[in-house]
Structure formats: C-alpha cells, structure tokens
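Residue strings, one per chain:
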Amino acid sequence: MRLRPSRPLRTLLTTVTAGLAAAGCLTAAGPANANSAVTKACSPTVSLDRFSDVLDKTTYDGTFVGNLSALAVDRNGDLAALSDRSSLFTLDRRTLSPTSVVPLADETGAALDSEGLVVDRDGTRLVSSETEPSVRRYSRDGRILDRLPVPDALKVAPVGRATANQTFEGLTLLPGGRTLLASMEYAISGDSTGIARWQTWERRGSHFVLGAQYAYRTDSGLGVPEVAATPDGRLLVLERGFTAGVGNTVRLYLADPRHATDTSGVENLTGQSGVRLVRKTLLADIVNCPSLGATAKQPQPNPLLDNIEGMVVTGRTHGALRVLLVSDDNQNAAQTTRFYFLRVRTP
C-alpha cells in the first residue's frame, strides 16, 4: 500500500531450510554505505547491523528502481525485489545492484498494484496484487501461469467487503512449502477495526486451493504491510503507519497462528467469544534502533525510519535470523529507498 501523503498450519522445515542455505552469502557485510557493520541493539532481541541507500533514486535498464514493496530470496541466493508499479527486479546478493528487470501485468495487460512476493520451489514467482485483490503465479520471464482463488468477502467492494488499497500486502510460504499465506493490510467491512484477516492456500499437485483463515489484531492505527515465515512455522510481522508531520511507525512482531481459530466461516469478527486470534509478541519498535548516521528527507521520530514495506529472512548468524527490510519510496522526493540489515532472535 502506498502511504499518503508521502505513502490446522504445518511446521515442516524443508523449504525454508533450503532457502536459508541458498541465501547463505547474503550477509550484513553487503554494500558499504557510510556506516559500519557494527551490531547495534534495537531491543533485547533485535539489532541493526547496517543500512544501505545504494538504490535510492536510481534506474536500471530504463526502469526506476524504487516503489519496492516485497523481497524474496531466489534459488541461487540472489534477491528478487518487487515494485508495486509492476516491475520485478533481480538484485545481486552482495552489492544489491540490479541485474535484471521483468515487467508484470494482469491477464488484460494492465498494471498491477503488486505488493507480496514468494519465489516457489520451482523458481516461479507468486505475486499478490491489492487491486482486486489477487495472487498469480508468474514464470521467471513474467508470463502468467496460474491464478489462485480468493474468498468473495476479501475482494474489494462492491464485489466483496475489502477497501481498495488495503488488501493483500504480505505473502509468505510456510515451512515445508505446502501452505501459502497472504495477510490483509486492514480490516474488511463488518469486522472490528484493527482485525486483519490472513488467508491461506494449500498445495494440491501443481495448484493451490483455499485453506484456513486467521484473524490478527494490529496495534491502534497500524496495518500489516508484510509477513515472513520463520523456520519453526511462526511468522515475523511488520506493522506500519504514518502520521503527517510526525513520520512513520514501524514495529516488528513475532506471531504464532498455529492455535488460532479458522475464521473462514465467521462472517463478522467483532470480538465474539470462541475466536482465538493469532498470538503476537513485540520484538522491536524500529524507532528505537540506532540511526547509524541515517538522514531523513521528511519529519521522522528517528531519521532511520521510512515507509518500510518489504521483509525477507535471508539466513542465520550465531543463532539469530538475518532479516532484510526495504522501504517503499513511492517515487517521492521526500522518501528514501532504504535497506535495513537486522539480526533477530526469536524467543
């Protein structure tokens, strides 16, 4: 989502373990950027190794490198980076330099508001768009191969109960590679404010079919721009908001949906008893991270902050997960495309 005015689950380990092994070369010793790779605490469980603005306001092959809304680790360890303006970049794992770009479109050739990204085990790309919303499977060269079913209630009004630009923001494949999960950014009509539904799909042969649905409560005024599976079947969750004249709020949570109620048959989520929400634990409020010399182009409570929207687990270091975040600059002069290299210990 562009923030304005500036913008029963399985716990198998196969797929995530393979992905982390492939990503072993993507470390905090990435591109140098006027700050050192010294680990600094954001909280007792999260530290910021460094940040990089190396791609801010750059172009590649005639395409603006920005508006980045999602990250994924490709099978060779490089990064796939998704722009919400229908471009899918490949970034070098060490330098973050773009090495290719592929345009994406819907079945009619129209642009997507592309927000979530998964690289599947066969190398195809699963991409969510919050326009309808939708989840499509693309080949590496951008051809549509499949389109997943979406419950009517999660579709944008008047077809469904969702609000435009507030639908499928996060997308992740759970350990084992059989369950795909998409997070709605905000509540749908009829649900209590702050209750975001998460939809899953189960792999059946070469296709995905609708699975369970879960409910997650965000902090007041915040939405969910991204989720990322951890090797043990839990989820890292970004919550984000923006206040004009103040700046961004970005918090990192650890969530566990494994004992949550399947809400796919619950028409309205309004605090009724018997519905167990996804449990969450705060890992860090990013405002408490060291700025490490970062500067902001607009008011921010910490100059390090921007419109953080993408997240991927890239590996492990000494028992901690290496997590990479990226901000969506909305192609706006007052915002920055920034990468954040975190180390996260999950309780």
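A brief look at the structure comes next. (Residues numbered from 1 in each chain as written. Predicted model: local features only at pLDDT ≥ 70, side-chain atom pairs only at ≥ 80, totals over all residues. Heavy atoms only, no water.)

1. What to know about the overall build of the chain
Scanning the chain from N- to C-terminus turns up 1 helix and 23 strands. For the chain, the residues scored as buried account for 60% of the 347 residues in total. Element-wise, carbon and sulfur atoms account for 52% of the exposed surface of the chain, whose accessible area totals about 12800 Å². (Helix = DSSP H or I, 4+ residues; strand = E, 2+ residues; numbered from the N terminus. Buried < 20%, exposed > 50% of the residue type's maximum accessible area, 1.4 Å probe, protein only. Areas by Shrake-Rupley, 256 points an atom, 1.4 Å probe, with all protein chains shown as cover.)

2. Description of the pattern of salt bridges
Going through the model one piece at a time under the given rule, you end up with 28 salt bridges. Of the charged contacts, one joins Arg-125 and Asp-74 as a salt bridge, the two residues approaching to 2.7 Å between their closest N and O atoms. Of this pair, Arg-125 sits in strand E10 (residues 125-129) while Asp-74 sits in the loop between strand E5 (68-73) and strand E6 (79-83), placing them 51 residues apart in sequence. Taken individually, Arg-125 and Asp-74 each receive the classification buried, so the pair is uniform in this respect. A single network of salt bridges, built from pairs that share partners, joins Asp-219, Glu-239, Arg-251, Lys-280 and Asp-285. (Salt bridge = Lys/Arg side-chain N within 4 Å of Asp/Glu carboxyl O.)

3. Description of the sheet that holds strand E12 (residues 144-147)
Judged by pairing direction, the sheet is antiparallel, and its 4 strands sit side by side in the order E9-E10-E11-E12 without closing on themselves. Every interior strand has two partners, whereas the edge strands, strand E9 (114-119) and E12, have only one. Ignoring which end each strand starts from, the neighbouring axes of this sheet average 25 degrees apart. In this structure, strand E11 (residues 134-138) lies alongside E12, joined through 3 bridges in antiparallel fashion. Counted as the bridge partner of Tyr-138 is Ile-144 from E12. (Pairing = 2+ DSSP bridges. Axes fitted to C-alpha atoms, helices over the stretch in contact; angles between N-to-C directions.)

4. With respect to unusual backbone geometry
Comment: phi is negative for the bulk of residues other than glycine, and the bulk of peptide bonds are trans. Note the cis peptide between Glu-132 and Pro-133, where omega equals 0 degrees. Locating Pro-133 in the fold gives a position in the loop between E10 and E11. Cis geometry marks the peptide bond from Ala-157 to Pro-158, where omega comes out at 10 degrees. For Pro-158, the location among the structural elements is in the loop between E12 and strand E13 (168-173). Even without a glycine there, the phi angle at Asn-330 is positive, about 55 degrees. Following the sequence through the fold, Asn-330 ends up in the loop between strand E22 (320-327) and strand E23 (339-344).

5. Describing the pairing of E5
Across a regular strand the side chains alternate sides, sitting on one face of the sheet and then on the other. Across the 6 residues of E5, 6 count as buried, placing the element largely inside the fold. Direction of pairing for E5 relative to E6: antiparallel, over a ladder of 5 bridges. Its bridge partner lying in E6, Val-73 is registered against Leu-79.

6. Here's the deal with the state of the cysteines
The tally for this structure, following the rule as stated, stands at 1 disulfide. Each sulfur of the disulfide joining Cys-42 and Cys-289 lies 2.0 Å from the other. Looking along the S-S bond of the Cys-42-Cys-289 disulfide, the torsion reads about 110 degrees, which is the right-handed sense. Of this pair, Cys-42 sits in the loop between strand E1 (40-41) and strand E2 (46-52) while Cys-289 is found in the loop between strand E20 (279-285) and strand E21 (308-317), placing the two residues 247 residues apart along the sequence. Exposure class is identical for Cys-42 and Cys-289. Each is buried. (Disulfide = S-S within 2.5 Å.)

7. Let's talk about the sheet that holds E23
Taken together, the 5 strands give an open sheet; going across it, the order is E1-E2-E23-E22-E21, and neighbouring strands pair in antiparallel fashion. Bordering the open sheet on either side are E1 and E21, each of which pairs with just one other strand. Relative to E23, E2 runs antiparallel, the two sharing 6 bridges. Directly across from Leu-48, in E23, lies its bridge partner Leu-342.

8. Remarks on the nonpolar core
Counting residues in hydrophobic clusters, the biggest one holds 27 residues, and the most contacted among them are Leu-236, Leu-252 and Val-323. Beyond its immediate stretch of four places on either side in the chain, Leu-252 contacts Val-46, Leu-236, Val-237, Leu-238, Thr-281, Leu-282, Leu-283, Ala-284, Met-311, Leu-342 and Val-344. (Core = buried A, V, L, I, M, F, W, Y, C linked by side-chain atoms within 4.5 Å. Contact = heavy atoms within 4.5 Å.)

9. Things to note about the side chain of Thr-179
When you line up the elements, Thr-179 lands in strand E14 (residues 179-184). Within the structure, Thr-179 has its side chain in polar contact with the side chain of Glu-202 (distance 3.0 Å). (Polar contact = N/O pair within 3.5 Å; in protein donor to acceptor, adjacent residues only side chain to side chain.)

10. Side note on the environment of Ile-188
Relative to the helices and strands, Ile-188 is located in the loop between E14 and strand E15 (195-204). You can call Ile-188 buried: its relative accessible area is 4%. C-alpha of Ile-188 to C-alpha of Val-156: the two residues are 32 residues apart in sequence and 8.9 Å apart in space. Those residues within four positions of Ile-188 in sequence are excluded, and the remaining contacts are Ala-153, Leu-154, Arg-161, Ala-162 and Arg-197.

11. Topic: the packing of aromatic side chains
One pass over the structure, following the stated rule, counts 2 aromatic pairs. Taking 5.9 Å as the distance between ring centres and 85 degrees as the angle between the ring planes, the aromatic pair formed by Phe-168 and Trp-201 counts as edge-to-face. One end of the pair, Phe-168, is in strand E13; the other, Trp-201, is in strand E15, and 33 residues separate them in sequence. Side by side, Phe-168 and Trp-201 carry an identical accessibility label, which is buried. Ring centres of Trp-198 and Tyr-216 lie 4.7 Å apart, and the angle between their planes is 15 degrees; on these two criteria the pair is classed as stacked. One end of the pair, Trp-198, is in strand E15; the other, Tyr-216, is in strand E16 (residues 207-217), with 18 residues separating them in the sequence. The two residues Trp-198 and Tyr-216 agree in class, both being buried. The positively charged end of Lys-280 is found above the aromatic ring belonging to Tyr-253, 4.2 Å away from the centroid. (Phe/Tyr/Trp six-rings, centres within 6.5 Å; stacked < 30°, edge-to-face > 60°. Lys NZ or Arg CZ within 6 Å of the ring centre and 35° of its normal.)

Without other data, these values stay purely geometric and don't point to any function.
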